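Residue strings, one per chain:
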Amino acid sequence: CALLVPEDEREAQYEAFLEERAELRDWSVAGRAALRAEGEAVSLSLRWEQRGEVYTINLSGPFGAGAVRIEGQPGRVTLRDGAGQSATAQSPEELLAAQTGHQLPVTALRDWIVGRPADGLEVDELSLDRVGRPDRLEQAGWRVDFQGWTDVDGVDLPSRVDLTRGSTQMRVALSGWSRSDD
Amino acid sequence: GQLQALEDYYRDVETVQGVFNQFTLDDRGQVIEESSGDFAIHRPDRFHWSYAGPFSQEIIADGERLWVYDVELDQVTVRDQRAVLGSAPAQLLSGDYADLEELFELAETEDYVRLTPRDGGEAFDEARLGMRDGHPSALEIDDALGQVTRVELDEVRLNDAVDEERFRFEPPEGVDVYEADPDEGIR
């Protein structure tokens, strides 16, 4: 179906798509994430608030059980859990690996979750849909599939993103987007 | 009092049905998550907790296994029911008094029963269960992040016949089903 729209036109739409997100610095979204890694399957509620470079991610199991909060800014990330313990690390990846044993591309997810390739990483593959939005991209060994979009005050943001790398898969359904351009 | 009402509930009530509203407040008192749906419980070990929005999720305990079906994610996780900690409202409302006393220290105020986890293995600091008209009407769960999750039960019907089909679950076509090992949470 991509053949209906000439290649260069889709490229132009993609440039416009990226421009639209350039000033998207402050946003928040609620989500449900299903993580499957090495045979383990977890279903979580997720709430992500991004204010420029500072972010807060709340993760919790059913009925708010096992709540975990990750607060981060460049170079310093803290994780606090429902039992009062807290841990700090340089990066969210390091912290989550140490605390949960899961390898999760949190920094890259910050860009993927708003529908754009992750900053500072090679783009190994990128395919666009008919209106110039990413359909699938591959970075740092992760395949990212954008399964749906929703219009948030005129800007399309993802409603579901699937990440896969080897035997690890994470599906994230997103709802309740709110954003403010500065 | 509230404690006696809870004991009576566990003694007299076999099925509970109704609707629920659930919301989570963060440590600044702001609502960070809101959801609602309906539920059916057939004590002691079957229940169906159905979230309608913003994400639809079905949680079904069929007496042996606990199914969690995340509709938007096309994923079902299933685990042995006995191994699941009793902290979720559904388990609290469906289990029996002895289980509750084993897991929690019970205390009473005018408005609710306070449940304090005995061994600290629970994922929360304290829960409060408000009893009204012979059944739990509100449950609040505090966690150490300062968040409070409140579940309010409405249109509650006690001991009405319940369609047992509600406690059986067949994963739909094309949905991935994963066996979750019982005690893994996020960590």
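No experiment lies behind these values; they were computed from the predicted model shown.

The rules behind each value
Residues numbered from 1 in each chain as written. Chains lettered and ligands numbered in written order. Predicted model: local features only at pLDDT ≥ 70, side-chain atom pairs only at ≥ 80, totals over all residues. Heavy atoms only, no water. Contact = heavy atoms within 4.5 Å. Buried area = accessible area lost by both parts, 1.4 Å probe. Salt bridge = Lys/Arg side-chain N within 4 Å of Asp/Glu carboxyl O. Polar contact = N/O pair within 3.5 Å; in protein donor to acceptor, adjacent residues only side chain to side chain. Helix = DSSP H or I, 4+ residues; strand = E, 2+ residues; numbered from the N terminus. Nonpolar A, V, L, I, M, F, W, Y, C, P; charged D, E, K, R; others polar. Pairing = 2+ DSSP bridges. Axes fitted to C-alpha atoms, helices over the stretch in contact; angles between N-to-C directions. Core = buried A, V, L, I, M, F, W, Y, C linked by side-chain atoms within 4.5 Å. Buried < 20%, exposed > 50% of the residue type's maximum accessible area, 1.4 Å probe, protein only.

## With respect to the interface of chain A and chain B
Alright, step 1. Counting residues at the interface gives 41 residues for chain A and 39 residues for chain B.
Alright, step 2. At the boundary of chain A with chain B, total buried surface from both sides reaches about 3,200 Å², with 57% on carbon and sulfur atoms.
Alright, step 3. The interface formed by chain A and chain B holds 4 salt bridges in total.
Alright, step 4. The residue R171 of chain A makes a salt bridge to D176 of chain B at a minimum N-O spacing of 2.2 Å.
Alright, step 5. Remark: the boundary between chain A and chain B carries 11 residue pairs in polar contact (both at pLDDT 80 or more).
Alright, step 6. Listing elements by their share of the side of chain A that touches chain B, those giving two or more residues are β1 (26-37), β2 (40-51), β3 (54-60), β4 (68-73), β5 (76-81), α2 (92-100) and β11 (168-180) of chain A.
Alright, step 7. The greatest single-element share of the side of chain A that touches chain B, amounting to 7 residues, is contributed by β2 of chain A.
Alright, step 8. When the residues that make up the side of chain A that touches chain B are grouped by side-chain class, the tally is 16 nonpolar, 16 polar and 9 charged.

## Description of the sheet that holds strand β3 (residues 46-53) of chain B
Residue and element names in this part refer to chain B.
Alright, step 1. An order of β7-β8-β9-β10-β11-β1-β2-β3-β4-β5-β6-β12 is seen for the 12 strands of this open sheet, with the pairing classed as mixed. Each end of this open sheet is capped by a strand with a single partner; those strands are β7 (104-108) and β12 (176-179). Neighbouring strand axes in the sheet, compared pairwise and without regard to direction, differ in orientation by 20 degrees on average.
Alright, step 2. Pairing geometry for strand β2 (residues 31-42) and β3, over 7 bridges, is antiparallel. Note on β3: the bridge partner recorded for D38 is S50.

## Notes on the pairing of strand β11 (residues 148-158) of chain B
Residues and elements named next belong to chain B.
Alright, step 1. Alignment of strand β1 (residues 15-25) against β11, held across 9 bridges, turns out to be antiparallel. Pairing of F20 across the sheet is with L153, part of β11.
Alright, step 2. Bridge analysis of strand β10 (residues 135-142) against β11 gives 5 bridges, and the strand direction is antiparallel. Paired with I141 across the strands is T149, a residue of β11.

## Looking at the nonpolar core
Alright, step 1. The biggest cluster of nonpolar side chains holds 45 residues, and the ones touching the most others in it are W48, I70, W112 and W177 of chain A.
Alright, step 2. A total of 5 residues in this core trace back to one element, the largest contributor, which is strand β9 (residues 142-152) of chain A.
Alright, step 3. Residues within four places of W177 of chain A in sequence aside, it is in contact with W27, S28, V29, I113, V114, T150, V152, L157 and P158 of chain A.
Alright, step 4. Counting 32 residues, the second largest nonpolar core, distinct from the first, contains Y9, Y10, I41 and V68 of chain B.

These results come straight from atomic positions and should not be treated as a statement about function.
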